[in-house]
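# Observations on the three-dimensional arrangement
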There are 2 protein chains.
Amino acid sequence: MKVVCLISGGMDSVVAFHDALRTHEVVGALSFDYGSKHNHREIPFARWQTALTTVPHQVIDLGFIGHLFDSDLLKSGGAIPEGHYEEVTMKSTVVPFRNGIFLAIAAGYAESVGAQGLVIAAHAGDHAIYPDCRETFMAPMAAAIAQGTYAGIQVLRPFIDWRKEEIVARGLQLKVDFAQTWSCYQGGEIHCGRCGTCVERREAFWIAGLPDPTLYEDNGPLPPKP
Amino acid sequence: MKVVCLISGGMDSVVAFHDALRTHEVVGALSFDYGSKHNHREIPFARWQTALTTVPHQVIDLGFIGHLFDSDLLKSGGAIPEGHYEEVTMKSTVVPFRNGIFLAIAAGYAESVGAQGLVIAAHAGDHAIYPDCRETFMAPMAAAIAQGTYAGIQVLRPFIDWRKEEIVARGLQLKVDFAQTWSCYQGGEIHCGRCGTCVERREAFWIAGLPDPTLYEDNGPLPPKP
């Protein structure tokens, strides 16, 4: 199937991209610049990963989100909380309906370039605090996209029931270079090691029993799961 | 209910906006600049209509659509076809998944400003060629937005079963100044009178038996419905 991949430059979407290259004909890859504190760190890795292939990569400017939306993930928002990714405190980093917006834009782009599917890397660990990562959202969104496009575009969500450590293991199988991915919400020079998404990243390698190539500011003990 | 209105500056969304002012607490109005041939004509009317009120009006820049999507409605596309709005030739003016993109962005904005609902003016006449105006799209999209937001945001579609002449009649009741609205896809100095949306506009006033304040380049006979 001809597909368009959503690729942020994070671990999950990078693995999903390389996985899709084996299963589908990938005709486009989209990243979104929406004014987050870490877009300038993750998008270059999306570019690096797609540049390993001949797939056209587009960076979509959604600067209005940074100006009009309310989230601590944005440069316009407050400080990024530290702790476990599934903590309720991490809710302040949710960008309202972000996946809905990304999928809708990808659907229009896919229809324009003649694709029949989209690939999004939402996974089980996202479900706790992100309503737009759960299957209860994904199923009607997929139906809306199938009904609202002439091509009846399908939303493929290969990792929707996977744990992050399973995605890491799949990435290692595919020889994904995880040093060329970015997770940290702080968007500093190197990964902070303390924010929710750094903790999730460290934990995934640790649980998978696989080497973590990431340089962290803080390699201290991981906080317990909530 | 606190609602955000989608307002293009066309007749339908302008009437829906003034209708919503009577029924809801309108906390925001959104227009989208997506590189169409007529955005520069219609958005000033959206601004004019919202400026009659204290509702904040935001124009969202979606310039990437003009560069990456395929549609004759866009400045990057081919000529606008003439004839009836419901003709199959008008399909070339469909911007893929446009309403899905607009609704998704409006959902994120609504969650950010504390609204519980969105108002979109899709109507029965849109159904023929626009898959993302039909209730088969709207129902799952509404479910995705309800499930994908903390507030469980509702998509209100007051005109979904209305014919355009009924919207005109409702606008007259509400004393809407239709001279301060724009339909023509050509985006010229005045309405062309020949493109699908001009034909639909002229026909709506004619069927409703109400005066049409619009200045058209061509006032010749209306083409028959397909």
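Keep in mind it's a predicted model, so treat the numbers as computed, not measured.

## Considering the overall build of chain A
For chain A, the helix and strand inventory stands at seven helices and five strands. Going from the N terminus to the C terminus, chain A shows its helices and strands as β-α-β-α-β-α-α-β-α-β-α-α. Taking 17 Å as the expected radius of gyration for a compact globule of 226 residues, we find that chain A reaches 17 Å, a close match to that expectation. Projecting the C-alpha coordinates of chain A onto the three principal axes gives extents of approximately 50 × 40 × 30 Å. When each of the 226 residues of chain A is scored for burial, the buried share is 56%. In chain A, the proportion of contacts linking residues at least 24 apart, taken out of those at least 6 apart, comes to 71%.

## Here's the deal with the confidence of the model for chain A
Caution is warranted with low-pLDDT regions, since their predicted coordinates should not be read in detail. Of all residues in chain A, 99% attain a pLDDT of 70 or more, and the chain-wide mean is 94. Listed scores for the predicted complex are pTM 0.96 and ipTM 0.96.

## Some thoughts on the environment of I145 of chain B
Within the element layout of this structure, I145 of chain B appears in helix 5 (residues 135-148). Note on I145 of chain B: 30 C-beta atoms within 10 Å, which makes it buried. Distance in space between the C-alpha atoms of I145 of chain B and A104 of chain B is 7.4 Å, their sequence separation being 41 residues. Setting aside anything within four residues of it in sequence, one finds I145 of chain B in contact with G100 of chain A together with L103, A107, I153 and V155 of chain B.

## Quick word on the interface of chain A and chain B
The interface is formed by 32 residues belonging to chain A together with 32 residues belonging to chain B. Contributing elements (two or more residues each) for the side of chain A that touches chain B: strand 3 (57-61), helix 3 (63-68), helix 4 (98-113) and helix 5 (135-148) of chain A. It is helix 4 of chain A that provides the largest number of residues to the side of chain A that touches chain B, a total of ten residues. A breakdown of the residues in the side of chain A that touches chain B according to their chemical character gives 19 nonpolar, eight polar and five charged.

## Focus: the relation of the copies chain A and chain B
With an RMSD of 0.0 Å, the fit of chain A onto chain B corresponds to turning through 180° and sliding 0.0 Å along the axis. Taken together, the rotation and translation describe the operation of a two-fold axis. Every residue of chain A has its C-alpha some distance from the rotation axis, and the shortest such distance is that of P140 of chain A, at 2.4 Å. The fraction of interface residues of chain A whose copies in chain B are also interface residues reaches 100%, indicating that both copies meet through the same surface.

## Structural notes on helix 5 of chain A
For helix 5 of chain A, which comprises 14 residues, the first-to-last C-alpha distance of 19 Å matches the rise-based estimate of 20 Å (1.5 Å per residue) to within 8%. Listed as buried for helix 5 of chain A are F137, M138, P140, M141, A142, A144, I145, Q147 and G148 of chain A. If you follow the buried residues of helix 5 of chain A, they end up packed against helix 4 and strand 5 (154-156) of chain A together with helix 4 (98-113) and helix 5 of chain B.

The rules behind each value
- Residues numbered from 1 in each chain as written.
- Chains lettered and ligands numbered in written order.
- Predicted model: local features only at pLDDT ≥ 70, side-chain atom pairs only at ≥ 80, totals over all residues.
- Helix = DSSP H or I, 4+ residues; strand = E, 2+ residues; numbered from the N terminus.
- Rg over C-alpha atoms; globule rule 2.2 N^0.38 Å.
- Buried ≥ 20, exposed ≤ 12 C-beta atoms within 10 Å, placed from the backbone.
- Contact = placed C-beta atoms within 7 Å.
- pLDDT = per-residue confidence, 0-100.
- Nonpolar A, V, L, I, M, F, W, Y, C, P; charged D, E, K, R; others polar.
- Least-squares fit on C-alpha atoms with pLDDT ≥ 70 in both.
- Expected span 1.5 Å × (residues − 1).

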